[in-house]
Amino acid sequence: SAAPPMKLRDVPSACPWLWRSLPVLPAELRLDLVLSSGQTFRWWESSPGAWTGVLGGRVWTLRQERDRLWYTVYEEEEEDGDACPEKDEDACPTGAAKPDCAEMERILRDYFQLDVGLPALYRTWGAADPLFRKVAKDFPGVRVLRQDPVECLLSFICTSNNHISRITAMIERLCCAFGRRLCHLDTRPVHAFPSLSALAGADAEARLRALGFGYRAKFVSGSARAIAEGLGAEGLCQLRAAPYAEARRVLCALPGVGTKVADCVCLMALDKAEAVPVDTHVWRIARQRYGAVLGGKSLTPRAHQEIGDFFRKLWGPRAGWAQAVSTPIPGSARAPTPAMPTCPLSPRQVLFCADLRKGQEPGSRGRARGGRGRDSRGDGPP
């Protein structure tokens, strides 16, 4: 039988014993900017200021209040679909996982890479780059996530020729169809990201096409199969210890993975902070805003390398982090609040994943011209 839905918890004051917190200054992390930025597609703003999503095979709600990051973890349903019973109908649910608190904090610190001091990096980047300094002063706390490599890779294969709201819906359908159900929150079922074996099945491509994945279905199932039959999820994770060039070479050998998707995965899942994902917008910015003379008339692999090298020389060993600072702002579907200022930038000033802006439809202004002739390996604009 289906488990009764759990109640979504959105404020620590309602059920304080089900929440924990750790100290995090806004200058170190801004949840609203990071989780809506197009780095990940599994979090949603479940109520104002509360973000719910799946991390480490568990369902979390996060909330940032001044200098604290609050979190609560929901209990997973049992195999037969039943969750643990609640104390009584009027009490707060006991649908809270009972993991070790130190382990939960470790997971959060690892995911947000909180061991990396962000204000000092902002100062370094700003000293080297007046344009960065002008942009970044309004957007503190933007950092790169450290994601599961399999989830990051297969998600970014879906970004080819796409935009945030549509990608998010696709990943949700993917998880509902192929992933294990973790729990029900209110009326919403929440699923884990699918296993490699689930996506490598003989019928996976056809099912993905039926879910609206189009040509990406072949790449998602093909890459899942290639990893499952090759280096495996563990081997993919071990690329964190490999040199950047080697990790990118391995990724680019997978179906549907071109240089830009590989760089996104290197940056957001494989600890390659120097990786700079390049699309036509970044190429144009490098030439027009920074005066760089790079590449020829098209975005070739050589141009990718030259642009990445240009920004690595400008910003240093965490160039990918510097590029990410401008990610979450333009085109956001959420109304600005006093804590989130209106963006002063035009779309062409965005430095990272410009085509992934939430709510921007394909073909809208700011998108690279031309819907055909893109590299079938996923190197076109996302």
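Keep in mind it's a predicted model, so treat the numbers as computed, not measured.

Undergrad: What am I meant to see in the overall build of the protein here?
TA: Across its full length, the protein holds 15 helices and 7 strands. By the burial criterion, 55% of the 382 residues in the protein qualify as buried.

Undergrad: Could you clarify how one ought to interpret the pattern of salt bridges in this entry?
TA: When the charged atoms of two side chains lie near each other, side chains of opposite charge can form a pair. In the structure shown here, the tally under the stated rule is 15 salt bridges. Arginine 302 serves as the salt-bridge partner of glutamate 306, at 2.9 Å between the closest nitrogen and oxygen. Here glutamate 306 pairs with arginine 302, and both are found in helix H14 (residues 301-315), just 4 residues apart, close to one helical turn. On the basis of relative accessibility, which here comes to 23%, the residue glutamate 306 falls in the partly exposed class. Each of the salt bridges in this network shares a partner with another, and the network as a whole consists of Asp110, Arg146 and Asp271.

Undergrad: What should I look at first to understand helix H3 (residues 118-128) in this one?
TA: Working note: α-helix, 3.6 residues per turn, so residues spaced by three or four point in the same direction. When H3 is considered as a whole, its buried residues turn out to be Leu118, Leu121, Tyr122, Trp125 and Gly126. On an axial view of H3, the arc spanned by its buried residues comes to 130°, and they lie on one face. Facing away from the buried surface of H3 by more than 90 degrees, the exposed residues are Arg123 and Ala127. The elements touched by buried residues of H3 are helix H4 (130-136), H14 and helix H15 (319-324).

Undergrad: Explain the environment of lysine 7 here, please?
TA: The residue lysine 7 is located in the segment before strand S1 (20-23) in this model. Sequence-wise, lysine 7 and aspartate 186 are 179 residues apart; in three dimensions their C-alpha atoms are separated by 5.2 Å.

Undergrad: What is the right way to read the packing of helix H5 (residues 149-157) against helix H12 (residues 259-269) from this model?
TA: To characterise two packed helices, one gives the angle between the axes of the helices and the distance between these axes. Closest axis-to-axis distance for the H5/H12 pair is 9 Å, and the angle between their directions is 150°. Our classification of the angle between H5 and H12 gives roughly antiparallel. Once H5 is placed against H12, the crossing between them reads as right-handed. Where H5 approaches H12, its residues Pro149, Cys152, Leu153, Phe156 and Ile157 are matched on the opposing element by Val261, Cys264, Val265, Met268 and Ala269. Its residues placed into classes, the contact of H5 with H12 shows 10 nonpolar, no polar and no charged.

Undergrad: Sorry if this is basic, but what is going on with the packing of aromatic side chains here?
TA: The geometry of an aromatic ring pair is captured by two quantities: the separation of the ring centres and the angle between the planes. Under the defined criterion, the tally for this structure stands at 12 aromatic pairs. Relative to phenylalanine 310, the ring of tyrosine 290 has its centre 5.9 Å away and its plane inclined at 70°; by these criteria the two rings are edge-to-face. Within this pair, whereas tyrosine 290 is found in the loop between helix H13 (280-288) and H14, its partner phenylalanine 310 is found in helix H14, the two being separated by 20 residues in sequence. Residue class for phenylalanine 310 comes out partly exposed when judged on its relative accessible area of 23%. Taken together, the ring pairs in this structure connect Tyr290, Phe310, Phe311 and Trp315 into an aromatic cluster. We note arginine 188 situated over the ring of tryptophan 44; from NZ or CZ to the ring centre the distance is 3.6 Å. In this structure, arginine 207 is placed above the aromatic ring of phenylalanine 178, and the distance from its NZ or CZ to the ring centre is 4.1 Å.

Undergrad: Sorry, what's going on with the nonpolar core here?
TA: Considering soluble globular proteins, one finds that nonpolar side chains tend to be buried as a cluster. Trp125, Leu153 and Leu251 are the most contacted members of the largest nonpolar core, which has 77 residues in total. Looking at this core element by element, the count peaks at 8 residues for H12. Trp43, Leu62, Tyr111 and Phe112 belong to the second-largest nonpolar core, a separate cluster that totals 21 residues.

Undergrad: So what exactly am I meant to see when it comes to the confidence of the model for the protein here?
TA: Caution applies to low-pLDDT regions: their predicted coordinates should not be interpreted in detail. Mean pLDDT for the protein: 82, with 78% of residues reaching 70 or above. Taken element by element, the predicted model of the protein shows its lowest mean pLDDT in H13 (84) and its highest in helix H11 (residues 244-252) (98). Contacts from residues 80-97, a stretch scored under 50 in pLDDT, to residues over four places away or in other chains number 46 contacts. Scored below 50 in pLDDT, residues 327-382 shows 135 contacts in the model against residues more than four places distant or in partner chains.

Undergrad: Would you mind going over the sheet that holds strand S3 (residues 50-55) with me for this structure?
TA: Sheet strands associate in pairs through backbone hydrogen bonding, adopting either a parallel or an antiparallel arrangement. Taking strand neighbours across the sheet as the criterion, the 5 strands line up as S1-S5-S4-S3-S2 in an open arrangement whose pairing is antiparallel. The two strands at the open ends of the sheet, each matched to only one other strand, are S1 and strand S2 (43-47). Shown here is a sheet whose adjacent strand axes are inclined to one another by a mean of 30°, direction ignored. Inspection of the sheet shows S1 paired to strand S5 (residues 68-74) by 4 bridges, in the antiparallel sense. Within S5, the residue paired with arginine 20 across the bridge is tyrosine 71.

Undergrad: Honestly, the side chain of arginine 63 in this entry has me stumped. Any pointers?
TA: You can see arginine 63 is positioned in strand S4 (residues 58-65). The residues touching arginine 63, leaving out its near neighbours within four places in the chain, are Asp10, Val11, Pro12, Trp19, Leu31, Ser47, Pro48, Gly49, Ala50, Arg68, Leu69 and Trp70.

Undergrad: Looking at this model, I keep getting lost on the pairing of strand S6 (residues 181-185). Mind explaining?
TA: Along any regular strand the residues' side chains alternate between the sheet's two faces. Burial within S6 is extensive, with 4 of its 5 residues counted as buried. One ladder, built from 4 bridges, connects S6 with strand S7 (residues 188-191); its direction is antiparallel. Bridge pairing in S7 links arginine 181 to histidine 191. Count of turn residues in the S6/S7 antiparallel hairpin: 2 residues, of which aspartate 186 carries a positive phi of about 55°.

Undergrad: Could you clarify how one ought to interpret unusual backbone geometry in this entry?
TA: With the exception of glycine, most residues fall at negative phi, and the peptide bonds are largely trans. Phi is positive for glutamine 113, which is not a glycine, with a value near 50°. Overall, glutamine 113 belongs to the buried group, its relative accessible area being 12%. Of note in this structure, asparagine 161 is not a glycine but carries a positive phi near 55°. Relative to the elements of secondary structure, asparagine 161 occurs in the loop between H5 and helix H6 (164-178).

Rules used throughout
Residues numbered from 1 in each chain as written. Predicted model: local features only at pLDDT ≥ 70, side-chain atom pairs only at ≥ 80, totals over all residues. Heavy atoms only, no water. Helix = DSSP H or I, 4+ residues; strand = E, 2+ residues; numbered from the N terminus. Buried < 20%, exposed > 50% of the residue type's maximum accessible area, 1.4 Å probe, protein only. Salt bridge = Lys/Arg side-chain N within 4 Å of Asp/Glu carboxyl O. Arc of directions from axis to C-beta. Contact = heavy atoms within 4.5 Å. Axes fitted to C-alpha atoms, helices over the stretch in contact; angles between N-to-C directions. Parallel < 35°, antiparallel > 145°, perpendicular 65-115°, else oblique. Left-handed = near helix turned anticlockwise from the far one by under 90°. Nonpolar A, V, L, I, M, F, W, Y, C, P; charged D, E, K, R; others polar. Phe/Tyr/Trp six-rings, centres within 6.5 Å; stacked < 30°, edge-to-face > 60°. Lys NZ or Arg CZ within 6 Å of the ring centre and 35° of its normal. Core = buried A, V, L, I, M, F, W, Y, C linked by side-chain atoms within 4.5 Å. pLDDT = per-residue confidence, 0-100. Pairing = 2+ DSSP bridges.

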